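Observations on chain architecture
Residue strings, one per chain:
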Amino acid sequence: MWPSSRKSYRSSYFSISTSTLVFVLLTPLLFVSLIVLCSLVPQKSLTAFSWKSLEILSSFSMGSSSSNVGDHDRSNFNVSGSLHDQKLRKELSSAERRGFVTSGIRRIRYSRSEKVEAILAKARFSIREAARNNSSFISSSSRRDDYVPQGPIYHNANAFYRSYTEMEKVFKIYVYEEGEAPIFHDGPCRSIYTTEGRFIHEMERGEVYRTRDPEEAHVYFMPFSVVAMVQYLYEPGAVDMDAIGNTLADYVHTIAHNHPFWNRSLGADHFMLSCHDWGPYTSSYVPLLFNNSIRVLCNANTSEGFNPLKDATLPEINLKFGEITGLLGGRPPSERSILAFFAGGLHGDIRHILLDHWKEKDPDIRVYEKLPHDVSYETMLKNSKFCLCPSGYEVASPRVVEAIYAECVPVLISDHYVPPFSDVLNWKKFSVVVGVEDIPNIKTILMGISEAKYLKMQMRVKQVQRHFVLNGTPKRFDLFHMIVHSVWLRRLNLRLGALV
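Residues numbered from 1 in each chain as written. Predicted model: local features only at pLDDT ≥ 70, side-chain atom pairs only at ≥ 80, totals over all residues. Heavy atoms only, no water.

Overview of the layout of surface pockets
One number sums up the size of the largest pocket: a volume of about 780 Å³. Considering the residues around the largest pocket, the lining is formed by 34 residues, among which Asn 318, Lys 320, Pro 398, Arg 399 and Glu 402 are closest to the centre. Put simply, the parts of the chain that give the lining of the largest pocket at least two residues each are α15 (377–382) and α16 (399–405). A per-element tally of the lining of the largest pocket places α15 first, with four residues. By residue class, the composition of the lining of the largest pocket is 17 nonpolar, seven polar and ten charged. (1 Å grid on protein atoms, 1.4 Å probe; cavity = no way out; pocket = protein on both sides within 12 Å on 5 of 7 lines; lining within 4 Å. Points joined across faces, edges and corners; volume = space filled by probe spheres on them. Helix = DSSP H or I, 4+ residues; strand = E, 2+ residues; numbered from the N terminus. Nonpolar A, V, L, I, M, F, W, Y, C, P; charged D, E, K, R; others polar.)

Quick look at the packing of helix α6 (residues 112–132) against helix α7 (residues 157–170)
The interhelical angle for the contact between α6 and α7, taken along N-to-C directions, is 160°, at an axis separation of 8 Å. The orientation of α6 relative to α7 falls into the category roughly antiparallel. Crossing angle aside, the handedness with which α6 passes α7 is right-handed. Residues Ile 119, Ala 123, Ser 126, Ile 127, Ala 130 and Ala 131 of α6 touch α7, and the partners they reach there are Asn 158, Ala 159, Arg 162, Ser 163, Glu 166 and Val 170. A breakdown of the residues in the contact of α6 with α7 according to their chemical character gives seven nonpolar, three polar and two charged. (Axes fitted to C-alpha atoms, helices over the stretch in contact; angles between N-to-C directions. Parallel < 35°, antiparallel > 145°, perpendicular 65-115°, else oblique. Left-handed = near helix turned anticlockwise from the far one by under 90°. Contact = heavy atoms within 4.5 Å.)

A short note on the sheet that holds strand β10 (residues 409–413)
The sheet built from five strands is open, its strands ordered β8-β7-β9-β10-β11 with parallel pairing. Each edge of the sheet is formed by a strand with only one pairing partner; in this case those strands are β8 (365–368) and β11 (432–433). Note: strand β7 (residues 338–343) against strand β9 (residues 384–390), three bridges, orientation parallel. Paired with Phe 341 across the two strands is Cys 387, which belongs to β9. Most of the contacts of helix α14 (residues 349–358) go to β8, to which it runs at about 125°, and overall it touches β7, β8, β9 and β10. (Pairing = 2+ DSSP bridges.)

Some remarks on the state of the cysteines
Throughout the structure, instances matching the rule amount to two disulfides. Note on cysteine connectivity: Cys 275 is disulfide-linked to Cys 298, with sulfurs 2.0 Å apart. Across the S-S bond linking Cys 275 and Cys 298, the dihedral sits near -90°, which makes this disulfide left-handed. In this pair, Cys 275 is assigned in the loop between β4 (270–274) and α12 (279–283) and Cys 298 in the loop between β5 (294–297) and β6 (312–313), connecting sequence segments 23 residues apart. Here Cys 298 falls in the buried class, since its relative accessible area comes to 1%. The disulfide partner of Cys 387 is Cys 408, and the S-S distance across this bridge is 2.2 Å. (Disulfide = S-S within 2.5 Å. Buried < 20%, exposed > 50% of the residue type's maximum accessible area, 1.4 Å probe, protein only.)

Written as structure tokens, this is what we have:
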């Protein structure tokens with residue numbers, strides 16, 4: 001039986017069909033070809049994550065030059081990139097299409113992260129509707145004494161007000177508890193870095209926006225202070241910042257190891273805040289933080305990687321004693337005898353150009369490197385019609401807010417700088433922008449502004465002032481809330497479902 005069996009086996013082996021043989025021979029070749037093709041397809045790099053913009057920020061730039069809330073030309077709506085009903089339906093996320101927008105969250109089978117995204121989806125829908133609405137939106141819960149944004153200082157006052165009220169209702173921020181003071185959970189509350197420390201302290205107090213449940217958070221705050229890192233970790237004269245950068249990298253590694261949220265979004269729903277000049281460079285030690293996360297920075301320089309679609313400008317405020325007492329207000333326009341004023345050191349190329357052309361050369365353009373001992377800096381601000389705000393070594397300058405506090409029209413002189421809250425505020429309506437190349441023409445430019453236009457601009461500076469006031473206890477629409485609103489907008493501009 002055995003020989004017969006062997007003969008049968010050999011017969012079946014050599015009688016294989018031609019098609020089967022071809023398949024066996026070609027399969028390895030097909031497999032190798034597939035590998036080669038896959039290698040040619042661009043792969044998503046963790047360090048080159050690309051934001052999927054939802055065009056929420058464009059909702060604030062629609063026809064807003066009118067002084068009436070929501071008064072805009074519908075043709076501007078088309079040009080700006082905001083969405084009509086039909087296009088909007090196409091752009092809705094799967095969560096929105098399943099009924100979250102119109103019906104709320106009703107199905108318990110959705111995960112908590114889906115519910116968080118659904119809340120944001122409803123807010124986006126509401127803001128877009130408000131941006132298109134010709135009549136102002138006033139919340140039913142608003143009190144008569146509440147401030148309602150209106151006028152040309154806003155790109156779209158109606159959209160801003162709806163966005164702000166939506167933020168107040170739903171926005172949740174989780175503050176990581178890892179790390180110890182003074183580098184973490186602490187910061188300076190006076191000096192030129194005031195805004196960094198005050199924001200960290202307010203988030204640590206947790207009276208508004210903060211949630212202790214990370215699963216319900218929309219964004220995650222990393223409460224480290226670059227100012228403290230420089231103070232405690234940097235050795236003067238060191239050729240690099242490795243001690244600071246490695247500390248930050250270790251911190252991010254820790255929160256990524258202890259929590260799932262960083263890895264879930266590749267850091268896109270996380271934010272940092274820094275008013276130190278080294279803030280942007282420090283963040284570069286963690287590529288995901290630099291490229292993906294929301295960075296709230298005083299040094300908002302687009303030539304150094306600042307991306308207005310995901311990053312936000314932090315106003316720089318120099319509170320020497322930690323208080324704004326005596327800083328707000330100034331003389332009425334008719335009593336301001338100085339056309340333009342600046343006093344400051346030779347920090348950076350722009351100031352060199354400014355002082356070379358104007359230092360103590362014209363009684364109308366008062367430019368000083370150092371004020372005389374008997375002259376008050378604050379008094380000069382309050383007596384000037386225009387306050388020159390040139391960049392120093394970096395693009396940010398505390399003089400912008402100093403001018404607004406003194407009700408003096410700011411004159412912005414910088415390259416690559418994104419002014420604070422510029423997605424909401426229309427800076428052209430209450431400030432003057434002068435290019436570096438036009439520094440020799442400053443007097444001509446300012447003298448060319450009519451008295452009527454100046455009076456309107458000065459009145460708008462007084463109106464916008466509330467958004468830059470740093471209160472001991474935050475008040476609606478003040479600096480703290482505006483910073484949070486900038487983070488809120490950038491979170492709205494990201495749909496995490498696009499990552500999956």
